Amino acid sequence: MYFLLANLAFLDIWYSSITAPKMLVDFFVERKIISFGGCIAQLFFLHFVGASEMFLLTVMAFDRYAAICRPLHYATIMNRRLCCILVALSWMGGFVHSIIQVILIVRLPFCGPNELDSYFCDITQVVRIACANTFPEELVMIFSSGLISVVCFIALLISYAFLLAMLKKHSSSGESTSRAISTCYSHITIVVLMFGPSIYIYARPFNSFSLDKVVSVFHTVIFPLLNPIIYTLRNKEVKTAMRKLVKDIFYVKRSER
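All values derive from a computational prediction rather than experimental measurement.

A.B. asks: Quick question: what am I supposed to make of the state of the cysteines here?
C.D. replies: Linking two cysteines covalently through their sulfur atoms gives a disulfide. Taken as a whole, this structure holds two disulfides when the rule is applied. Paired by a disulfide, Cys39 and Cys121 hold their sulfur atoms 2.2 Å apart. Taking the sign of the S-S torsion, -120 degrees for the link of Cys39 and Cys121, the bridge is left-handed. Highlighted residues: Cys39 in helix H2 (residues 36-69) and Cys121 in the loop between helix H4 (80-106) and helix H5 (123-126), separated in sequence by 82 residues. Across this residue pair, the class does not change: Cys39 and Cys121 are buried. The disulfide bridge from Cys111 ends at Cys131, spanning 2.2 Å between sulfur atoms. One end of the pair, Cys111, is in the loop between H4 and H5; the other, Cys131, is in the loop between H5 and helix H6 (135-169), with 20 residues separating them in the sequence. Residue class for Cys111 comes out exposed when judged on its relative accessible area of 57%. Taken N- to C-terminal, the disulfide-bonded cysteines of the chain are connected 1-3, 2-4.

A.B. asks: Honestly, the pattern of salt bridges in this entry has me stumped. Any pointers?
C.D. replies: Close approach of charged atoms allows side chains of opposite charge to pair. The final tally for this structure, using the stated rule, is six salt bridges. The salt bridge partner of Asp26 is Lys22, with a shortest N-O separation of 2.8 Å. Pair noted here: Asp26 and Lys22 are both in helix H1 (residues 2-26), with a separation of four residues, about one helical turn. For Lys22, a relative accessible area of 23% puts it in the partly exposed group. Linked by salt bridges that have partners in common, Arg128, Arg204 and Asp212 make up one network.

A.B. asks: Could you clarify how one ought to interpret H2 in this entry?
C.D. replies: Each full turn of the α-helix corresponds to 3.6 residues, which orients residues three or four apart in the same direction. Here H2 is 34 residues long and its end C-alpha atoms lie 49 Å apart, about the 50 Å a rise of 1.5 Å per residue gives. Summarising burial for H2: 24 of the 34 residues are buried, a large majority.

A.B. asks: Teacher, can you tell me more about the UniProt feature "transmembrane region" (unreviewed entry) in the chain here?
C.D. replies: Sequence positions flagged by UniProt for "transmembrane region" (unreviewed entry) are, in local numbering, residues 43-62, 82-106, 142-163, 184-203 and 215-233. Counting secondary structure, residues 43-62 comes out at 100% helix and 0% strand; the distance between its end C-alpha atoms is 29 Å.

A.B. asks: Got a minute to help me understand empty space enclosed by the protein in this structure?
C.D. replies: To find leftover empty space, a probe the size of one water molecule is rolled over the atoms. For the structure on display, the rule yields two cavities of 30 Å³ or more. By volume, the largest cavity amounts to about 130 Å³. If you trace the largest cavity, you find 15 residues lining it, with His47, Ala51, Met54, Ser198 and Tyr202 closest to the centre. The set of elements that each furnish at least two residues to the lining of the largest cavity consists of H2, H6 and helix H7 (175-202). Top element by residues in the lining of the largest cavity is H2. It accounts for five residues. Each residue belonging to the lining of the largest cavity can be placed in one class, and the counts come to seven nonpolar, eight polar and no charged. Its volume calculated, the second largest cavity comes out at about 60 Å³. Every residue lining the second largest cavity is listed: Thr124, Gln125, Arg128, Tyr200, Ile201, Arg204, Phe206, Asn207, Asp212 and Ser216. Split into classes, the residues belonging to the lining of the second largest cavity amount to three nonpolar, four polar and three charged.

A.B. asks: Is there a simple way to explain the packing of aromatic side chains in this structure?
C.D. replies: What characterises a pair of aromatic rings is the spacing of the ring centres plus the angle enclosed by the ring planes. Scanning the entire structure with this criterion turns up 13 aromatic pairs. Look at Trp14 and Phe48: their rings are 5.7 Å apart centre to centre, the planes differ by 85 degrees, and that puts the pair in the edge-to-face class. Remark: Phe48 occurs in helix H2 and Trp14 occurs in helix H1; sequence separation between them is 34 residues. Overall, Phe48 belongs to the buried group, its relative accessible area being 10%.

A.B. asks: Honestly, the side chain of His97 in this entry has me stumped. Any pointers?
C.D. replies: Within the element layout of this structure, His97 appears in helix H4. Side-chain polar atoms of His97 contact the side chain of His47, separated by 3.3 Å. Beyond its immediate sequence surroundings of up to four residues, His97 is in contact with His47, Ala51, Ser144, Ser145 and Ile148.

Definitions and cut-offs
- Numbering of residues begins from 1 in every chain and follows the order in which that chain's sequence is written.
- Given that the model is predicted, a residue must reach a pLDDT of at least 70 before its local features are reported, and side-chain atom pairs must reach 80 or more before they are shown or counted; all residues, however, enter totals for whole chains, interfaces and linings.
- Side-chain measures here rest on the full set of heavy atoms in the structure, leaving out hydrogens and waters.
- Disulfide assignment relies on a single distance test, namely cysteine sulfur atoms paired within 2.5 Å.
- What counts as a helix is a DSSP run of H or I of at least four residues, what counts as a strand is a run of E of at least two, and both are numbered from the N terminus.
- Only protein chains enter the accessibility calculation, which uses a 1.4 Å probe; a residue is then buried when its area is under 20% of its type maximum, exposed when over 50%, and partly exposed in between.
- For this document, the term salt bridge refers to a Lys or Arg side-chain nitrogen within 4 Å of an Asp or Glu carboxyl oxygen.
- In a helix, the anticipated span is given by 1.5 Å times the number of residues less one.
- UniProt positions are given in the numbering used here, feature names are shortened, and annotations may be inferred rather than shown by experiment.
- In this analysis, the protein atoms alone were mapped onto a 1 Å grid. Cavities are point sets where a 1.4 Å probe fits without being able to get out; pockets are open sets with protein on both sides within 12 Å along at least five of seven lines; lining residues have an atom within 4 Å of a point.
- Grid points are joined across faces, edges and corners, and a volume is the space filled by probe spheres set on the points.
- Charged residues are taken to be Asp, Glu, Lys and Arg, nonpolar residues to be Ala, Val, Leu, Ile, Met, Phe, Trp, Tyr, Cys and Pro, and polar residues to be all remaining types, Gly included.
- Pairing of aromatic rings covers Phe, Tyr and the six-membered ring of Trp, with a centre-to-centre limit of 6.5 Å; geometry is then stacked below 30 degrees between planes, edge-to-face above 60, and tilted otherwise.
- Nitrogen and oxygen atoms within 3.5 Å of one another constitute a polar contact, given that in protein one can donate a hydrogen and the other can accept it, and given that sequence-neighbouring residues count only through two side-chain atoms.
- The contact rule is simple, with two residues in contact once any of their heavy atoms fall within 4.5 Å.

Here's what the structure looks like:
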């Protein structure tokens, strides 16, 4: 589980670093400009890392299933080799998904004014400024991004509902069961926060709505920062270590007095 969490944390750091630096720079300049190459690079890495994280969350659901339903065989099933393969497949799936988006975008003609009504480049904004009929491209993008989000979201909710139902039946088993339930709740929270905005953005026609910018900021900046907080606050070992740290600091301050 911690190997997969480390990969998730790495993806979150990368995900929040794709759009936030350029947005911060734009706060201090009057003309907010990005080159076409920079726009495509932003778009590519946004979908690459985002899709990889979705696939990784699906892998983590399988990891929880193996830990809860096959506890005696867990170390054999989720060995380091399989974990590395599943993580590599998640990254590969994200790369293929992102390449499809980039190929569809670079083929479109842009004849100006090339102004995006957003603080970063994404397919939903870039498609709107193309001077051509983009209905076929939009359909493929909705099928690619939207369908992946919806299918993974439903599959994850069903799998975690099954795991929680099974854990509730064995709720008298002791501390290990309560820890497993706590871990599942953490994963479900992350899944809802990740897939909710993604479904809102990509699983519909690319028309402009008033909530688009708010959801985009949450999805690309705030959500990656919430992941570590949610996981650590629901992790017993981390909470114990934090309490010990606070007690040690308090003890040192009292000793200094």
